[in-house]
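# Architecture and fold: a report
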Amino acid sequence: MSPVTSTVNVSLHFVATKKSQFPASERPFQYYCPEIVQRKQHTSVTIFPPRSPAAEWRIWCDSLMLKDQTMSVVLDGSPLKVMQSSHTHTPQTAVSAQELSQEIKSFISGFDSVQGRKLSVREHARCAVRLLRSVPACRGAVLEHLRGVYDEYVSAFLHNLETESDNSSGVSSNLEDIIQEVHGVLSEFIRLNPRAWAPLVSAWAVDLLGQLSSKHAGRRVAPHSSSLNELLQLWMSCAATRSLMEAYSQCLAAMLAWCPDACVDALLDTSVQHSPHFDWVVAHIGSAFPGTIISRVLACGLKDFCSHGAKDTGLMAMGVDKGSRVPKIGSVVGILGHLAVHHSDSIRKELLRMFQESLCPSSPLSPTSSSTSWESSPQLRRAAVPFLLQLAAMSPNLFGAVSAELVELLRPPVLLQLQAVLQGIPREELDNMLGLAVHLISQSPSGGSRVLRFLADTATPASVIISGPTPSPHEGVREGCDRLLQMLLLHLHKLVFNCSEGAEVNHHRSASTQPRRVIPFLEELQSHVGELCAETLRLERKRHLWLHQLLCLLSVYGGPSVATEALCQLLTQAHNLEELALAWQLHSTLSSCMAGLIPAAVTRCVAQIHTHTLGTQQLTQLLLNMAAAIQSQDEERRGASGVQSSMAIQVGSAVSGYLHDFGPLLLHGDPDVSHATVRLLSCSPLPRTSSPAHLLLLSRAAVTHFFVALRRRGEGGKLERDGGQACEEVNCSVLLLSRFAAYSSLTLKAVLQQLVEGALHKGNAGLFGGQIADMSGAPLPSKSVSPDIGASLLDINCRFGTTVNFSGSVWSVFHAGVIGKGLKVRTEAQLTDPSEVMQNVQTLLAVVVQCCSSSGLNGSRLPSDPDEPLPINAEAAKVVAVTMVENVCPDVANGELSWPPEEHARTTVERDIHIRRCFEAHPVLFPLLQVVAAGRPALCYCSAVLRGLLATLLAHWEASREVLSTDSPWHLQASCLLVSCMGEGQLLPPVLANVHETFPHLTPFEVRLLLVAVWEYVRGNGPMPQKFIFNSEKGLFCRDFSRDGDVARYVAPIHSVLHKNIDRLGHLCWRFQL
C-alpha cells in the first residue's frame, strides 16, 4: 500500500483527561499524531483556527481521501495496514468514510447523533477501541481516554470488594470485555511493529499503573504498602491492572534487544513519583526480568547519579544526604531491595562486577555489554565507586550482601587499583568518601568481623609479622587503612557515648542514664568477643592497641554481659603476665562506668567449668591466670601498681566464694589442671563463712590431691621430667592443707583424719615404704606369686558323681573341695627408692606438723624465738592418735587406757599380732607416733596400740635364741622407737625413757627384762590424760612423776643389766641415775 499523498487539512478538538500546555479547545492534531507531522515529505498539515465541532469534522471528512476502503499510516517510514483485532465478537468489515466520520464525532462529543442520546461508558470505550483499531494515528487520544476507563474499572472492582458484592455484576463486568479487547489490540500492535508501539505503550502502561496504585492506595481493601505480597495479590486479581502489567512486560521483552534504557527509565521515574505504592509493580517486573532489570537499573542509576551530582570539576560532592539531591537513586535502592528477596545472588554479582569494571578503565567491553553500556564512559567509571558507596549507605542490606565477598576481593592488586582511582579525588571529597565508608561499616549488620580483620591486617605496619597468607600491603594502602580504622574507632566512640560531632565526651557518665543507640557493627561483633580477645592478645605493634580500644567500646556498648565475657575471655586466653595486663587495663577502663565486673567474670568462669565448655588447656590457663591475679597482691606490697592490687583483691574475694566449685578440679584427670587448681586454691583467701558440707568436700579433695601429687613427684623423678612442676604442686598442696587446717576445728579434724587414713590406705602405702596388708595385717601375696590351681567345685562333683554310686540312698554326697592352697607365700614387695620414701615421709610429717601446730588453734603463746618450731596442739595430736587407733585396731574401745599385768596379755594375742603386722606393713606409723607423742597427753589415747605392740615384742624377745639383739633388726628398731615415743609422751619417767639407748648392746633376754620393767611401770602408773598439767610458760602439758610414787623398784633391773655389761654400757650409766 502506498503512503498517503493527499493534503490533509485538519483541526481537531479532543476532550482529554490529561492536561497539557495547550488548552483542551486549542490542542492541534500534532499533539495526538506526532508521527504524521514528522513525516513532512509524505504529509502536509494545515491547521485551521478552531471552529464549531460539527463544522470542523464536516470539513475533515470531506477532505479525507480513502483508497480501496483502506487506510495506511506512515509509522517509522514503513506503511502499516489497518489491523483488525482478533478479540472482537463479530467479523470486521471495511469501514466507510461516513462511518469513520461518525465514529470520530461520537468519540469526541460522547453523544450518539444517530440515536440521539449520550454514550454510556461502555459504548464510549468501545468507540475508542474501534478508532484505535481503525485509525492508529489517533492512539494518543484513545490511550488518554482509556485511562478513565481503566480507572472506572478499578474503582468498581475495589468497591465490589469493599461491599462484598458479586464481582461479576456492576460496572466492572460491563468493562471487562473492553479491557480484554484493548489488551488484544495493543498486543497485536506491539507484536507487528514493536519499535513504534513498545515505547509508547510501555510509558503509558507504567504511568497508568503508578496513578492507579497511588490513587487507590487509601481504599479500605487495599493492604499497606509494606505488605508487598498481599498488595501484589490484590492488583493481579484485577483484570485492568493485570492487563497493564502484561502489556508492559511485552513491551519490555520487545525492547531488551535495542532500547532497554527507555523502558527502565520510565520504570524508575514512575517509582520515584509513586513510591511506595508502586513497589508491587517493580517487584513483579523485576521477578520476571531479574537479570535485565538489575543491570539496567544500576546503569540508569549510575548515569542519573553522575548527571545530578557532577559539578564543574567532573566529580561528585560526596555527602550522606546525597539521596535527597539525586531522586532516582532512591528508586534504585527500592527496586534492588525488592529483588533481593529472591535474586540476592544476581544483585551481589552485578554489584561486584560494577566495582571490578570501574577499577579497570582500559579493559575492553564485555561481549554481553550493549553499545550504550556504562563501561564505555570514563566519567561513569570514575563515578562508579562513589555511586556504590552511596547505594550501600542507603541500603544496608545491599552492603551486607556484598561486604563479605568484597573483603575477599580486596587483595593487594585490587587495592592498588583502587588507590590509583582515588588519588585523583580532591582531599575534601576523599574525606567525605572515607566518612561515608566509616558510616557504612558502623551500620553494617553482618560481616563486621571480616571487615575489621581486613582493616587490621592491612593497616598493620610492615615490620610486624602478620599471621596467615596475607602479603604485606603497599605503604600508601596501609596508611589509608590506618586512617580509615582510626576514623572508625573515633566514630564508634562518639556513637557509643551518644556524642554529636562537636560535643565533649564524658567517659564517667553511666551507660544506663542514656538511651541505647543501636550500632549494627558492634551488635554483630558481640558474637565474636572471643576472637577479638584472641587477636588483641597477640600484642602486635599498634594492632593490639586498636583492638583493645575497640574491645573497650564494645564492652561499654554491650553492657555488663559483654564486658564480663570480654574479661572472662582475656583471663582464659592470656599466657603470660604481659598479656594478662590487658585484662587489668580493660577493667580499669570499665570500672568507672560498671561495677561488679570481677565477681561477674569469676561467676561466668565457674559456669563455663560446670558446663564443660572449656578445653583442658583453656581451663588450665584460666586457673593459672586467676592464681597470678591473686598473687599480684604480694607484688603490690613490693611496689606494684594500685590497679593490679585492687583487681587482685576483687579476684581473690570472688574466688573465695566458689572454692567448693573449684575443689573437684583438684582430682581432675589432667595433671596440669589439678596443678593449676591447687595453685589457685593455695593462694586464694578462704571465705569468712562456709557450710560444713563444702568444707568437708574441699578437705577430702585436698588430701586426696596431696597423695596424688606425691605420686606424680616420684614418677617425674624417675622419668626425669616435670620435676619442678611436681615439686611445686606438692608444696602448694601442703600449703593448702595447712590453710584448711587453720580455718576451723572442723577442717582441722577432717584434714588430719584423712591424712592418716590416706597414708595407711593400701593405694598409698607404697609411697611411705609400706606394703598392702589384709584384714589380719599380713602382707597380701601378689597374683604372680600365688599359684592358681584352677579348681572348680562343679567339675569336681561331676567327676565325683560318676565314680561313686549312691543309688537307692536317701543321702546325697557332694565334694566340698580341698581346704587351703598350702603355705602362704610371702610377697617380695616392689621396694620404692629409699630416698623417695624418706622424702615422702618427711613431706607427710611436715604437713601433719603444720596442721597440728597452727597458731590460731593453740591456746599457748607463740615462742619467743622465731626459729623455734610451734608447739603441737594437744587436740590436733589427739585427732591423729584416735585416727591411728581406729585404723590399726578398729575393735579397741576408747576406754582401754589402763594396762593389765604382763601375764594377762595372752588374752589379746590375736589383736596384738594384728597390731604388730600393721606396724610392719606401714613404717610410717612410728613417725606418726612421734608426732602424737609431741602433743602431750595425746599419746595416752594410743594406749591399746602401744600395749599390743609391746606385748608382741616381749613375746619375740622371750622366744628369741639369737646371740645379740641386733640379729632381729626390725624388732630392735621397733623396741627402740616404742620406748622413745613413750618417753617423749611422758608415759615413762626419764630414767626409764632412756633404756632404748642400751638395746643395741644387749642380748634378747636382757632387752626383755628392760621391757618388762617398762610394762610394769605403765601398768602401775596408768597412762591417764588427767595426770598432765598445762604449763603456761612452755605452752605444753607436762606430767609430774613425783606424784606417781617411788620409781626405784622399776630401775633395779636396769642397774643389774648395766652392771653386767659395764664394759659396754659404762658411758651410759649417768643416764639412769634417779
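Remember, it's a predicted structure, so these values are computed and weren't measured experimentally.

### Description of the overall build of the protein chain
For the protein chain, the count of helices and strands is 45 helices and eight strands. Counting only residues that meet the buried cut, the protein chain has 49% of its 1074 residues in that class. Partitioning the intrachain contacts of the protein chain with sequence separation of at least 6 by distance along the chain shows that 74% fall at a separation of at least 24. Roughly 51,000 Å² of accessible area belongs to the protein chain as shown, and the carbon and sulfur atoms make up 55% of that amount.

### Quick notes on the packing of aromatic side chains
What the rule picks out here adds up to seven aromatic pairs. Aromatic side chains Trp 235 and Trp 280 sit 5.9 Å apart centroid to centroid with 20 degrees between the ring planes, which places their arrangement in the stacked category. Residue Trp 235 is found in helix α9 (residues 228-236), and its partner Trp 280 is found in helix α12 (residues 279-288); the two are separated by 45 residues along the sequence. Relative accessible area serves as the criterion here: at 0%, Trp 280 is assigned to the buried category. Judged by centre distance (5.2 Å) and plane angle (90 degrees), the ring pair of Tyr 1017 and Tyr 1050 falls under edge-to-face.

### Some thoughts on the environment of Ser 120
With respect to the element layout, Ser 120 can be found in the loop between β6 (117-118) and α5 (121-134). Linking Ser 120 and Gly 110, residues ten residues apart in sequence, is a C-alpha distance of 8.2 Å.

### Quick look at helix α44 (residues 1048-1060)
In this model α44 runs 18 Å from its N-terminal to its C-terminal C-alpha over 13 residues, within 8% of the 18 Å that 1.5 Å per residue would give. Three or more residues of α44 are buried, namely Tyr 1050, Val 1051, Ile 1054, Val 1057 and Leu 1058. Check the buried side of α44 and you find it contacts α42 (990-993), α43 (1004-1020) and α45 (1062-1065).

### What about the pairing of strand β7 (residues 1028-1031)?
Bridge analysis of β7 against strand β8 (residues 1036-1039) gives four bridges, and the strand direction is antiparallel. Note on β8: the bridge partner recorded for Asn 1031 is Leu 1036. Connecting the antiparallel pair β7 and β8 is a turn made up of four residues, with Gly 1035 showing a positive phi of about 75 degrees.

### Some thoughts on α9
When α9 is considered as a whole, its buried residues turn out to be Leu 228, Leu 231, Leu 234 and Trp 235. Down the axis of α9, the buried set is contained in an arc of 125 degrees. They therefore lie on one face. In α9, the exposed residues that point more than 90 degrees away from the buried face are Asn 229 and Gln 233.

### Describing the pattern of salt bridges
Here the structure, examined in full by the defined rule, presents 28 salt bridges. Close ionic contact of Glu 103 with Arg 130 constitutes a salt bridge, the shortest N to O distance being 2.9 Å. One end of the pair, Glu 103, is in helix α4 (residues 97-109); the other, Arg 130, is in helix α5, with 27 residues separating them in the sequence. On the accessibility criterion, Glu 103 (22% relative accessible area) is partly exposed.

### Things to note about the packing of helix α25 (residues 560-573) against helix α27 (residues 597-611)
A packed helix pair is summarised by two numbers, namely the angle formed by the two axes and the spacing between the axes. The geometry of α25 relative to α27 is characterised by a closest axis approach of 9 Å and an angle of 65 degrees between their N-to-C directions. The angle between α25 and α27 places the two elements in the roughly perpendicular class. Once α25 is placed against α27, the crossing between them reads as right-handed. Residues Ala 563, Thr 564, Glu 565, Leu 567 and Cys 568 of α25 form the contact with α27, whose own contacting residues are Leu 597, Ile 598, Ala 600, Ala 601, Arg 604, Cys 605 and Gln 608. For the contact of α25 with α27, the per-class residue count stands at eight nonpolar, two polar and two charged.

### Overview of the nonpolar core
Ranked by size, the top nonpolar core spans 293 residues in total, and within it Leu 391, Leu 522, Phe 662, Leu 755 and Phe 999 carry the most contacts. The dominant element in this core, judged by the number of residues it contributes, is helix α15 (residues 327-358), at eleven residues.

### Describing the packing of helix α6 (residues 139-163) against helix α10 (residues 239-255)
Following both chains from N to C, one finds α6 and α10 inclined at 135 degrees, their axes separated by 8 Å at the closest point. As the angle between them shows, α6 and α10 are arranged oblique. In this structure, α6 contributes Tyr 150, Tyr 153 and Val 154 to the contact, and α10 contributes Ala 239, Ala 240, Thr 241, Ser 243 and Leu 244.

### Points about the side chain of Ser 733
Along the chain, Ser 733 falls in helix α33 (residues 723-741). Residues within four places of Ser 733 in sequence aside, it is in contact with Val 678, Ala 702, His 705 and Phe 706.

### A closer look at the environment of Ile 1029
Mapped onto the fold, Ile 1029 is located in strand β7. The exposure class assigned to Ile 1029 is partly exposed, which follows from its relative accessible area of 41%. Considered as a pair, Ile 1029 and Arg 936 are 93 residues apart in the sequence and their alpha carbons are 9.8 Å apart. Aside from chain neighbours lying at most four places away, what touches Ile 1029 is Leu 1036, Phe 1037, Cys 1038 and Arg 1043.

### Remarks on the confidence of the model for the protein chain
Here the protein chain averages 75 in pLDDT, while 74% of its residues score no lower than 70. Per-element confidence in the protein chain ranges from a low mean pLDDT of 30 for strand β1 (residues 8-10) to a high of 92 for helix α41 (residues 969-984). Predicted confidence is poor over residues 500-505, with pLDDT under 50, and the contacts of this stretch with residues over four places away or in other chains come to six contacts. Counting contacts from residues 507-513, a segment whose pLDDT is below 50, to residues more than four positions away or on other chains yields ten contacts.

### Remarks on the side chain of Asn 873
Residue placement: Asn 873 occurs in the loop between α36 (834-852) and α37 (874-888). A polar contact is formed between the side chain of Asn 873 and the backbone nitrogen of Glu 875, at a distance of 3.2 Å.

Procedures and definitions
- Residues numbered from 1 in each chain as written.
- Predicted model: local features only at pLDDT ≥ 70, side-chain atom pairs only at ≥ 80, totals over all residues.
- Heavy atoms only, no water.
- Helix = DSSP H or I, 4+ residues; strand = E, 2+ residues; numbered from the N terminus.
- Buried < 20%, exposed > 50% of the residue type's maximum accessible area, 1.4 Å probe, protein only.
- Contact = heavy atoms within 4.5 Å.
- Areas by Shrake-Rupley, 256 points an atom, 1.4 Å probe, with all protein chains shown as cover.
- Phe/Tyr/Trp six-rings, centres within 6.5 Å; stacked < 30°, edge-to-face > 60°.
- Expected span 1.5 Å × (residues − 1).
- Pairing = 2+ DSSP bridges.
- Arc of directions from axis to C-beta.
- Salt bridge = Lys/Arg side-chain N within 4 Å of Asp/Glu carboxyl O.
- Axes fitted to C-alpha atoms, helices over the stretch in contact; angles between N-to-C directions.
- Parallel < 35°, antiparallel > 145°, perpendicular 65-115°, else oblique.
- Left-handed = near helix turned anticlockwise from the far one by under 90°.
- Nonpolar A, V, L, I, M, F, W, Y, C, P; charged D, E, K, R; others polar.
- Core = buried A, V, L, I, M, F, W, Y, C linked by side-chain atoms within 4.5 Å.
- pLDDT = per-residue confidence, 0-100.
- Polar contact = N/O pair within 3.5 Å; in protein donor to acceptor, adjacent residues only side chain to side chain.

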